[in-house]
Amino acid sequence: MSLAVISGLKAVALIILNRLALGVVTLFAVSVLIFAAVNILPGDFAQAILGQGATEEAVEAIREDLGLNKNAIVRYADWLGGILKGDFGVSFAQANFSSFAGEDASKGGIGSVAAQLEPRFKNTLFLAGVAAIIAVPLSLVLGIMAALYRNSVFDRFVNISTLTSISSPEFFLAYVLILFLSVLNPLLPSLSNIYVEMTFADRLHKTLLPALTLTLVVMAHMMRMTRAAIINLLASPYIEMARLKGIKPARVIVFHALPNALAPIINVIALNLAYLVTGVVVVEVVFVYPGIGQLFVDSVKIRDIPVVQACCLVFAAAYILLNLTADIFSILSNPRLRHPK
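The present account deals with the structure reproduced in this document.

Reading guide: rules and limits
Residues numbered from 1 in each chain as written. Predicted model: local features only at pLDDT ≥ 70, side-chain atom pairs only at ≥ 80, totals over all residues. Heavy atoms only, no water. Patch = residues over 30% accessible without salt bridge, like charges linked within 9 Å, V, L, I, M, F, W, Y side chains within 5 Å. Areas by Shrake-Rupley, 256 points an atom, 1.4 Å probe, with all protein chains shown as cover. Salt bridge = Lys/Arg side-chain N within 4 Å of Asp/Glu carboxyl O. Lys, Arg positive; Asp, Glu negative; His and termini not counted. Charge placed at Lys NZ, Arg CZ, Asp CG, Glu CD. Helix = DSSP H or I, 4+ residues; strand = E, 2+ residues; numbered from the N terminus. Axes fitted to C-alpha atoms, helices over the stretch in contact; angles between N-to-C directions. Parallel < 35°, antiparallel > 145°, perpendicular 65-115°, else oblique. Contact = heavy atoms within 4.5 Å. Nonpolar A, V, L, I, M, F, W, Y, C, P; charged D, E, K, R; others polar. Core = buried A, V, L, I, M, F, W, Y, C linked by side-chain atoms within 4.5 Å. Buried < 20%, exposed > 50% of the residue type's maximum accessible area, 1.4 Å probe, protein only. Expected span 1.5 Å × (residues − 1). Arc of directions from axis to C-beta. Polar contact = N/O pair within 3.5 Å; in protein donor to acceptor, adjacent residues only side chain to side chain. Phe/Tyr/Trp six-rings, centres within 6.5 Å; stacked < 30°, edge-to-face > 60°. Lys NZ or Arg CZ within 6 Å of the ring centre and 35° of its normal.

## A few points about a negative patch on the surface
Working step 1: On the surface, a cluster of negative charge is made up of E56, E57, E60, E64 and D65.
Working step 2: Positionally, D65 belongs in helix α3 (residues 56-66).

## Considering the packing of helix α9 (residues 200-233) against helix α12 (residues 262-278)
Working step 1: Where α9 meets α12, the axes come as close as 9 Å, and the angle between the chain directions of the two elements is 170°. Classified by the interaxial angle, the pair formed by α9 and α12 is roughly antiparallel. Every residue of α12 that contacts α9 at L214, V217, V218, H221, M222, M225, T226 and A229 is listed here: P264, I265, V268, I269, N272, Y275 and L276.
Working step 2: The residue makeup of the contact of α9 with α12, split by class, is 12 nonpolar, three polar and no charged.

## Considering the nonpolar core
Working step 1: Of all hydrophobic cores here, the largest spans 46 residues; its most connected members are L214, M222, I230, L276 and F287.
Working step 2: Excluding residues within four positions of it along the chain, F287 makes contact with A174, I178, S190, L191, S192, L209, P210 and T213.
Working step 3: Counting residues in each nonpolar core, the second largest holds 25 residues, with F35, V113, L295 and F315 among its members.

## Here's the deal with the environment of I331
Working step 1: Tracing the sequence through the fold places I331 in helix α15 (residues 305-333).
Working step 2: A sequence separation of 315 residues divides I331 from I16, and the C-alpha atoms of the two residues are 8.8 Å apart.

## Concerning the packing of helix α10 (residues 237-244) against helix α11 (residues 249-260)
Working step 1: Packing of α10 against α11 brings their axes to within 11 Å, and their N-to-C directions diverge by 170°. With respect to α11, the axis of α10 lies roughly antiparallel. The segment α10 lies against α11, with Y238, I239 and A242 engaging V252, H256, A257 and N260.
Working step 2: Counted by class, the contact of α10 with α11 contains five nonpolar, two polar and no charged residues.

## Let's talk about helix α4 (residues 72-84)
Working step 1: Its 13 residues give α4 an end-to-end C-alpha distance of 18 Å, which sits within 8% of 18 Å, the value for a rise of 1.5 Å per residue.
Working step 2: When α4 is considered as a whole, its buried residues turn out to be R75, Y76, W79, G82 and I83. Down the axis of α4, the sector holding all buried residues measures 130°, keeping them to one side. Looking at α4, the residues exposed on the side facing more than 90 degrees away from the buried face are I73 and L84.

## Describing the side chain of S31
Working step 1: Position of S31 among the secondary structure elements: in helix α1 (residues 3-39).
Working step 2: On the basis of relative accessibility, which here comes to 3%, the residue S31 falls in the buried class.
Working step 3: At 2.9 Å, the side chain of S31 forms a polar contact with the side chain of Y76.
Working step 4: Apart from residues no more than four positions distant in its own chain, S31 is found in contact with Y76, W79 and L313.

## A word on the side chain of S165
Working step 1: Checked against the element boundaries, S165 lands in helix α7 (residues 153-167).
Working step 2: Discounting chain neighbours no more than four positions away, the residues touching S165 are L173, L216 and A220.

## Section: the pattern of salt bridges
Working step 1: By the definition in use, this model includes three salt bridges.
Working step 2: Between K122 and E118 there is a salt bridge, and its shortest N-O distance comes to 3.3 Å. Here K122 pairs with E118, and both are found in helix α6 (residues 113-148), just four residues apart, close to one helical turn.
Working step 3: A relative accessible area of 47% places E118 in the partly exposed class.

## Side note on unusual backbone geometry
What is expected of a backbone is that most residues other than glycine have negative phi and most peptide bonds are trans.
Working step 1: One non-glycine residue, N151, adopts positive backbone phi at about 65°.
Working step 2: Relative to the helices and strands, N151 is located in the loop between α6 and α7.
Working step 3: Under the relative-accessibility criterion, N151 is labelled exposed at 54%.
Working step 4: Although it is not a glycine, V288 adopts a positive phi angle of roughly 50°.
Working step 5: Inspection of the secondary structure puts V288 in the loop between α13 (281-286) and α14 (292-301).
Working step 6: The partly exposed category is assigned to V288, whose relative accessible area is 45%.

## Considering the packing of aromatic side chains
Working step 1: Within the structure shown, the criterion is met by five aromatic pairs.
Working step 2: Measuring from centroid to centroid gives 5.8 Å for F126 and F200, while their planes differ by 90°, and the two rings are edge-to-face. Of this pair, F126 sits in helix α6 while F200 sits in helix α9; the two residues are 74 residues apart in sequence, bridging distant segments of the chain.
Working step 3: For F126, a relative accessible area of 18% puts it in the buried group.
Working step 4: These aromatic residues form a ring-pair network of at least three members: F35, Y76 and W79.
Working step 5: If you follow R203 out to its NZ or CZ, it ends over the ring of F126, 5.7 Å from the centre.

Dropping the structure here:
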């Protein structure tokens, strides 16, 4: 292996390590913000669970059992230390039931936050995966065709459709799909009440409608970025040379322009994949989908602080991880980013 290749590999490894270190620091800063934001919310869980007629002694007893009477810095240190060990804590809403059942919730019992998060997060990943499988290839194909037939009727129709989907709120798109695909034409169920024992086909059938909603939301950004990146390269000298050689326009775009447009396309795809994981709250609530977004909303309602913090941290970690993945793939696909001046 030549010295130039070894030097290039070292440069790429150093850049990747720098990105990973930056991601860890960012996640730590986000964890501080999450803890501070959640704990300054108004209300008191102990007071809420006992009601307005509760005595001060009873409220203080529950606060002591849950550790709410500790200093904020101590509580954050305990929470962060538990996360580093894989323990997200005990759900406030489930704590009493766990104690009555004689279970240690911190070790994966009924009240364990991790035990609640695991199946919900798998459901959210399944929903995001189905949406990504539909959205990514479709957006790439539409973007390439829009660039190939630029300023045509097809190009204008695709642009108008994507602008409409971008401008429409998620809940509006969800209700429109429910109207046309569940009410007027009962093809798909309007409620996505999935569970563990379901077959893959049944799970996919019930997940398809929320997945289509997410597809309409994210596909527009990826399609427009693909179109813009390719059109931006069509005036390049090497593209002009390929055209002068008589190469077909479709081949010029797919084999010459697209590989050099991968960096911005990868970035926008990764950002939208991150949105599929972190931005599913509204869609999951509309379709009553048992994912982490629905768990987050339910926990906010009852002020279940450990679950809310864990959901926010999972969202942040997924977003940061996918952004790091986008950076790494962009660096690998673009030599100019591997050797910055």
